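Residue-level structure breakdown
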Amino acid sequence: MDKWLRNTNVVRVVALVISILLWVVVHMEETNLSQSSPLRQREETINNVAITTKYDETHYHISSMAPSNVQVLLSGKESSVKKVTTSNTYQIELDLTQVGKGDHQLTLTPVGFPADVEVQIVPRTVHVIIEELQMKEVPVVINVKGTPSAGLKAGQPIVKPNKVYITAQTSKLEQIENVRGEVSVDKAQSAVTKQVKLQAFDKEGKEVAVNMNPPVVDVEVPITSPFQTIPLQLKISGEPPKGYAISMVTQSPDKVTVYGTQDVVDRMEFYQGPQLNIQDLKETKEYSLDIPLRNKVTQLDPAKVTVKVEIVPSITRALENVPITIIGANENYATKVTTPETAQLNITVEGAPTIIDQLKVQDIQAILDVSNLPPGKHELKVALNLPTYVKLGSPQEVKATVEISEKAANTTGNTTGNTTGNTTENTAPKATNP
């Protein structure tokens, strides 16, 4: 080794190698320093950058914006440009806070870029259409789907709240026909309660996306037996004593809702309520009566009825020339009233003053039923149809005599009865004696 070091040629070679290595190392460091220098300029292009809008979303809606994406060209120091492309903290902003509804051509603004980076936006402006938001109150419609268990029926849905508020641009509000929800009652045995999400639909039945408040409502669908509401009829028996009369009978309610199977409910025209006996009643009185279940009715609503019977001192009044009407006459015979000869009655009626004072002869029917009687003279009881709460002035049996004879062969037939005693067609109603 010492011998090599004393050799000048070897030393020269070693020195040359070391100098070459030092040059290489120094050159590489200069190159690296040059490449990473913060002073180096750089250009970068970013495509499809979304535009960020800034506006009052509670009062306005952007119905159109073109374009919705832009190209961003960057130039500046390499380190600064790199910060932009790697951090994503920048935005291309469209500030609409100073404009109202209508068509606008507006300039875009770069936000969040380093101050030493030059930003170019392509295109620099956009066309935007702004609509003002409106609020509309819309009723809620609930569609009931399915069939409850056998013998039961779905009632009218109860919706809380039954109206909602829709906020949207005017053009969209005009499209909305209704707001609907759906509840299934299939095989239900009791009331169905649930929260229902609502949807808005246009006139063609297509869903319209809008802001709705509230978007969900509470719905209850009653499940009951089939029912219908019909008049409630009371039966009054007995009558006040002599000298008293019924002035008025009032009841509450006058209608009742009956529940039962569909065939039972469908054939009912009225419901026969309780019977009230007012025999010998001398003063006004109020009753609370249970309404009985009849004819396979399973439920009544309400189950009670309040009845007020007004009793007043009675008056009497004589009515003259009440015509007698014949029913049930045989068309092959002539039938004539012989007693009284005028075929008219004079009777005395009793009742409340408000009723008796307004009574007319036409309000009373005097009926003779001659059905199945043979030729000859017959004394018959006259059935009087008197108005409600009117009775005969004194207990009496009103009678009349009729004569039935065969028609003569050449009689052209003055055989049709009338109020003067001739035969009448069987068109008058059957009467009951008071």
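Note that the structure is predicted; figures quoted are calculated from it, not measured. (Residues numbered from 1 in each chain as written. Predicted model: local features only at pLDDT ≥ 70, side-chain atom pairs only at ≥ 80, totals over all residues. Heavy atoms only, no water.)

To continue, consider the overall build of the protein. From N to C terminus, the protein includes six helices and 33 strands. A burial count over the protein gives 32% of its 434 residues as buried. Considering only residue pairs separated by 6 or more positions, the protein has 71% of its internal contacts joining residues 24 or more positions apart. Put simply, the protein shows about 26,700 Å² of open surface, and 48% of that area lies on carbon and sulfur atoms. (Helix = DSSP H or I, 4+ residues; strand = E, 2+ residues; numbered from the N terminus. Buried < 20%, exposed > 50% of the residue type's maximum accessible area, 1.4 Å probe, protein only. Contact = heavy atoms within 4.5 Å. Areas by Shrake-Rupley, 256 points an atom, 1.4 Å probe, with all protein chains shown as cover.)

What the three strands build is an open sheet, ordered β27-β33-β30; its pairing is antiparallel. The sheet is open, and its two edges are formed by β27 (333–339) and β30 (376–381), each paired on a single side. Taken over all neighbouring pairs, the strand axes of this sheet differ in orientation by 30° on average, direction set aside. Sheet analysis places β30 next to strand β33 (residues 399–406), joined by six bridges and oriented antiparallel. Bridge pairing in β33 places K381 opposite K399. (Pairing = 2+ DSSP bridges. Axes fitted to C-alpha atoms, helices over the stretch in contact; angles between N-to-C directions.)

Right, let's talk about the pattern of salt bridges for a bit. Note on pairing: side chains with opposite charge can pair once their charged atoms come close. Under the definition given, this model contains eight salt bridges. Put simply, K304 and D290 hold a salt bridge, and the shortest N to O gap is 2.5 Å. Residue K304 is located in strand β25 (residues 304–313), and its partner D290 is located in strand β23 (residues 285–290); the two are separated by 14 residues in the primary sequence. Salt bridges here are not isolated pairs; linked through shared partners, they connect R42, E44 and E78. (Salt bridge = Lys/Arg side-chain N within 4 Å of Asp/Glu carboxyl O.)

What follows concerns the packing of aromatic side chains. How two aromatic rings sit relative to each other is given by the distance of their centres and the angle of their planes. Within the structure shown, the criterion is met by two aromatic pairs. A centroid spacing of 5.0 Å and a plane angle of 35° characterise the contact between Y90 and F113, whose relative ring orientation is tilted. Of this pair, Y90 sits in the loop between α3 (78–87) and β4 (91–95) while F113 is found in the loop between β6 (109–111) and β7 (117–122), placing the two residues 23 residues apart along the sequence. As far as burial versus exposure is concerned, Y90 and F113 are alike and both buried. Measuring from centroid to centroid gives 5.3 Å for F227 and Y259, while their planes differ by 40°, and the two rings are tilted. Residue F227 is found in strand β19 (residues 227–237), and its partner Y259 is found in strand β21 (residues 255–259); the two are separated by 32 residues along the sequence. Over the face of the ring belonging to F227 we find K153, whose NZ or CZ atom lies 5.2 Å from the ring centre. (Phe/Tyr/Trp six-rings, centres within 6.5 Å; stacked < 30°, edge-to-face > 60°. Lys NZ or Arg CZ within 6 Å of the ring centre and 35° of its normal.)

Residues of α3 that are buried: E78, S80, V81 and V84. With its buried residues spanning 165° around the axis, α3 presents them on a single face. Across α3 from its buried face, at more than 90 degrees, point the exposed residues K83 and T86. After α3 finishes, the residue N88 shows a positive phi value of roughly 55°. (Arc of directions from axis to C-beta.)

Of all residues in the protein, 88% have pLDDT values of 70 or greater, and the mean over the chain is 85. Within the model, pLDDT remains below 50 along residues 411–434, and this stretch shows 58 contacts once partners closer than five positions in the same chain are excluded. (pLDDT = per-residue confidence, 0-100.)

Okay, the environment of D280 next. As for its placement among the helices and strands, D280 is situated in the loop between β22 (271–277) and β23. Residue class for D280 comes out partly exposed when judged on its relative accessible area of 48%.

On to unusual backbone geometry. In this chain, S252 is followed by P253 through a cis amide linkage whose omega measures 5°. Among the secondary structure elements, P253 is positioned in the loop between β20 (244–252) and β21. The step from T339 to P340 runs through a cis peptide bond, and the omega angle for that step is -5°. Assignment of secondary structure puts P340 in the loop between β27 and β28 (344–351). Here D280, not a glycine, exhibits a phi torsion of approximately 65°, which is positive.

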